[in-house]
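Each chain is listed here by its residues.
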Amino acid sequence: MSESDSSLKEYFTGEHRRCDELWAEIEAGAESEGGQDVATRFERFAAALGRHLRMEEEVLFPAFEEATGMHDAGPTFVMRSEHEQMRGLLEQMRDAASEVDELVDLGDTLLMLIQQHNLKEENMLYPMAEQALAAKWADIREKLARYGE
Ligand SMILES: [Fe+2]
Ligand SMILES: [Fe+2]
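In this text the structure is predicted, and so the values were computed from the model without any measurement.

I tried to follow the packing of helix H1 (residues 8-31) against helix H2 (residues 38-68) on my own but got confused; where do I start?
Helices that pack against each other are described as a pair by the angle of their axes relative to one another and the distance between those axes. Look at H1 against H2: their axes get within 8 Å of each other, and the N-to-C directions meet at 160°. Our classification of the angle between H1 and H2 gives roughly antiparallel. Seen along the crossing, H1 lies across H2 with a hand that is left-handed. Residue classes in the contact of H1 with H2 are distributed as 16 nonpolar, 3 polar and 6 charged.

Is there a simple way to think about helix H5 (residues 137-145) in this case?
When H5 is considered as a whole, its buried residues turn out to be Trp137, Ile140 and Leu144. Down the axis of H5, the sector holding all buried residues measures 60°, keeping them to one side. Facing away from the buried side of H5, by more than 90 degrees, are the exposed residues Ala138, Asp139, Glu142 and Ala145. Looking at the buried residues of H5, the elements they touch are H1 and H2.

Can you help me understand the coordination of the iron ion (ligand 2) in this one?
Six octahedral donors around a metal ideally sit at 90 or 180 degrees from one another, while four tetrahedral donors ideally sit at 109.5 degrees. Listed as protein donors to the iron ion (ligand 2) are His16 (NE2), His52 (NE2), Glu56 (OE), Glu121 (OE) and Tyr126 (OH); their distances from the metal cover 2.0 to 2.5 Å. Along the chain, the residues that donate to the iron ion (ligand 2) are spaced as H-x35-H-x3-E-x64-E-x4-Y. In this structure the iron ion (ligand 1) is found 3.2 Å away from the iron ion (ligand 2), and Glu56 serves as a bridging donor for the pair. One end of the pair, His16, is in helix H1; the other, Glu56, is in helix H2, with 40 residues separating them in the sequence. There is no split in this pair, since His16 and Glu56 are both buried.

Honestly, the coordination of the iron ion (ligand 1) in this entry has me stumped. Any pointers?
Protein coordination at the iron ion (ligand 1): the donors are Glu56 (OE), His83 (NE2), His117 (NE2) and Glu121 (OE), at 2.0 to 2.2 Å from the metal. Each of the 4 donor atoms bound to the iron ion (ligand 1) contributes to angles spanning 83 to 175°, and the resulting shape is irregular. Read N to C, the donor residues that coordinate the iron ion (ligand 1) are spaced as E-x26-H-x33-H-x3-E.

I tried to follow the environment of Glu31 on my own but got confused; where do I start?
You can see Glu31 is positioned in helix H1. Owing to a relative accessible area of 70%, Glu31 belongs among the exposed residues under this scheme. As a C-alpha pair, Glu31 and His71 span 40 residues in sequence and 43 Å in three-dimensional space.

Reading guide: rules and limits
- Residues numbered from 1 in each chain as written.
- Chains lettered and ligands numbered in written order.
- Predicted model: local features only at pLDDT ≥ 70, side-chain atom pairs only at ≥ 80, totals over all residues.
- Heavy atoms only, no water.
- Axes fitted to C-alpha atoms, helices over the stretch in contact; angles between N-to-C directions.
- Helix = DSSP H or I, 4+ residues; strand = E, 2+ residues; numbered from the N terminus.
- Parallel < 35°, antiparallel > 145°, perpendicular 65-115°, else oblique.
- Left-handed = near helix turned anticlockwise from the far one by under 90°.
- Nonpolar A, V, L, I, M, F, W, Y, C, P; charged D, E, K, R; others polar.
- Buried < 20%, exposed > 50% of the residue type's maximum accessible area, 1.4 Å probe, protein only.
- Arc of directions from axis to C-beta.
- Contact = heavy atoms within 4.5 Å.
- Donors = N, O, S within 2.8 Å, 3.2 Å for Na, K, Ca; no water.
- Tetrahedral: all angles 85-135°; square planar, octahedral: opposite > 155°, others 65-115°.

Below is the structure:
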């Protein structure tokens with residue numbers, strides 16, 4: 001996921017895939033007998049997603065905004081507001097963690113939001129950022145490494 005030679009787009013896209021995998025584990029848990037593991041799997045997914053959102057908001061987006069001069073009306077403005085919607089759904093899911101069906105229903109809504117959001121990032125924002133931040137990518141990756149796995 002964070003191989004040292006990965007490009008900006010590869011790095012962040014790898015994070016998206018990792019979150020997808022963790023979501024699939026929740027679904028698999030919900031479908032299994034009893035679904036007892038779902039709350040734990042949810043916390044693992046929520047931690048990975050929350051970490052990814054922070055890496056974008058605290059490191060990637062500020063660097064992109066500084067390099068391009070695109071702040072309030074730019075793509076990161078939209079991405080930040082979609083992150084807030086994701087956090088709202090994560091909170092609702094956490095409240096519902098003991099009700100597996102409700103958690104999975106909310107998760108379907110979250111997943112749709114994430115898929116649309118990730119497509120925009122992978123097809124538009126990350127390629128733009130890769131160009132704008134080519135000279136800074138090594139520094140940025142160092143900052144991202146501080147967020148751990
Ligand atoms: Fe994002
Ligand atoms: Fe992302």
